[in-house]
Amino acid sequence: MNFNSHTDAVVGTAVALVNLLTEGEDRSRAYQPPAGAERAARLNALFKSARSRTEVTEAEAEAFGAVAADLRAVFAAIAAGDVDEAAHRVNRMLVATGAHPALERHDGEPWHIHFHSADETSPAKGWAAGCATGLAIVLGSELYDRLGVCTAPRCDRVYVDTSRNGSRRFCSTACQNRVKAAAFRDRRP
């Protein structure tokens, strides 16, 4: 399942930001997001893997926690079946960031659309604008239910379902296997 290359990239980054920077549970273990220099290093690695030129300092990295919390609320609303709440949350993010489209061409790629924040000096606001716009595109389509929160016990990581049939329920194969193994044990005499 592909939306378009840029939307796929920013929605994938939204998932990564939520899973990296929000506390909760990950595969039945308590999860605490990294802080300080480790947070900046992990964000910079994430941006590099997303083929972004963004590089954040330790101080700039701290602002991404609030962005991740806002993005998590969108996924949680969708998982709860409240698409209206998810849409309202995305709209608030779009307004708060002043997201605006711009056609860009870089790194040998053809012209493509990017969404930027009105505040070009804040990497967190810039990524919040792009991620909110990507989520708006998904929510504005019939594929909004492709965004989810892992249904495995003791896991609250988020995902985008890119399967053909749209049946994904887990953040990872590890969670899927954990649930299947527990169901198997429960069926045994």
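Residues numbered from 1 in each chain as written. Predicted model: local features only at pLDDT ≥ 70, side-chain atom pairs only at ≥ 80, totals over all residues. Heavy atoms only, no water.

### Some remarks on the environment of Thr-13
Here's step 1: Of note, Thr-13 is situated in helix H1 (residues 5–21).
Here's step 2: Overall, the relative accessible area of 3% leaves Thr-13 in the buried class.
Here's step 3: For the pair Thr-13 and Val-74, spaced 61 residues apart in the sequence, the C-alpha separation amounts to 14 Å.
Here's step 4: Residues in contact with Thr-13, not counting those within four places in the same chain, are Leu-46, Ala-50, Trp-127 and Cys-131. (Helix = DSSP H or I, 4+ residues; strand = E, 2+ residues; numbered from the N terminus. Buried < 20%, exposed > 50% of the residue type's maximum accessible area, 1.4 Å probe, protein only. Contact = heavy atoms within 4.5 Å.)

### Observations concerning the side chain of Arg-146
Here's step 1: Relative to the assigned elements, Arg-146 resides in the loop between helix H6 (123–139) and strand S5 (147–149).
Here's step 2: Look at Arg-146: it is buried, it has no salt bridge, and the nearest opposite charge is Asp-161 at 4.0 Å.
Here's step 3: Of the polar contacts made by the side chain of Arg-146, one reaches the backbone oxygen of Ser-163; its length is 2.6 Å. (Lys, Arg positive; Asp, Glu negative; His and termini not counted. Salt bridge = Lys/Arg side-chain N within 4 Å of Asp/Glu carboxyl O. Polar contact = N/O pair within 3.5 Å; in protein donor to acceptor, adjacent residues only side chain to side chain.)

### Some thoughts on the nonpolar core
Here's step 1: Formed by 38 residues in total, the largest nonpolar core has its most connected members in Leu-17, Leu-43, Phe-64, Leu-71, Leu-135 and Leu-147.
Here's step 2: Not counting residues within four places of it along the chain, the set of residues in contact with Leu-147 comprises Val-11, Phe-75, Ile-78, Leu-135, Val-138, Tyr-159 and Val-160.
Here's step 3: Ranked by size, the runner-up nonpolar core spans six residues in total, among them Ala-152, Cys-155, Cys-171 and Cys-175. (Core = buried A, V, L, I, M, F, W, Y, C linked by side-chain atoms within 4.5 Å.)

### Some details on the packing of helix H4 (residues 64–79) against helix H5 (residues 83–97)
Here's step 1: As a packed pair, H4 and H5 sit with axes 7 Å apart at the nearest point and diverge in direction by 160 degrees. Considered as vectors, H4 and H5 are oriented roughly antiparallel to each other. Two packed elements cross with a definite hand, and for H4 against H5 that hand is left-handed. The residues of H5 that touch H4, namely those facing Asp-70, Leu-71, Ala-73, Val-74, Ala-77 and Ile-78, are Val-83, Glu-85, Ala-86, Arg-89, Val-90 and Met-93.
Here's step 2: Its residues assigned to classes, the contact of H4 with H5 shows nine nonpolar, no polar and three charged. (Axes fitted to C-alpha atoms, helices over the stretch in contact; angles between N-to-C directions. Parallel < 35°, antiparallel > 145°, perpendicular 65-115°, else oblique. Left-handed = near helix turned anticlockwise from the far one by under 90°. Nonpolar A, V, L, I, M, F, W, Y, C, P; charged D, E, K, R; others polar.)

### Comments concerning the pattern of salt bridges
Here's step 1: Following the criterion strictly, the structure yields eight salt bridges and no others.
Here's step 2: For Glu-85, the salt bridge goes to Arg-89, with nearest N and O atoms at 2.9 Å. Here the residue Glu-85 and the residue Arg-89 both occupy positions in helix H5, the gap between them amounting to four residues, near one helical turn.
Here's step 3: Classification of Glu-85 as partly exposed rests on a relative accessible area of 26%.
Here's step 4: Asp-156 is the salt-bridge partner of Arg-157, the closest N and O atoms lying 2.8 Å from each other.
Here's step 5: Assessed through its relative accessible area of 3%, Arg-157 is described here as buried.
Here's step 6: With relative accessibility at 21%, the residue Asp-156 sits in the partly exposed group.
Here's step 7: Each member of the salt-bridge network shares a partner with another, and the members are Arg-72, Asp-156 and Arg-157.

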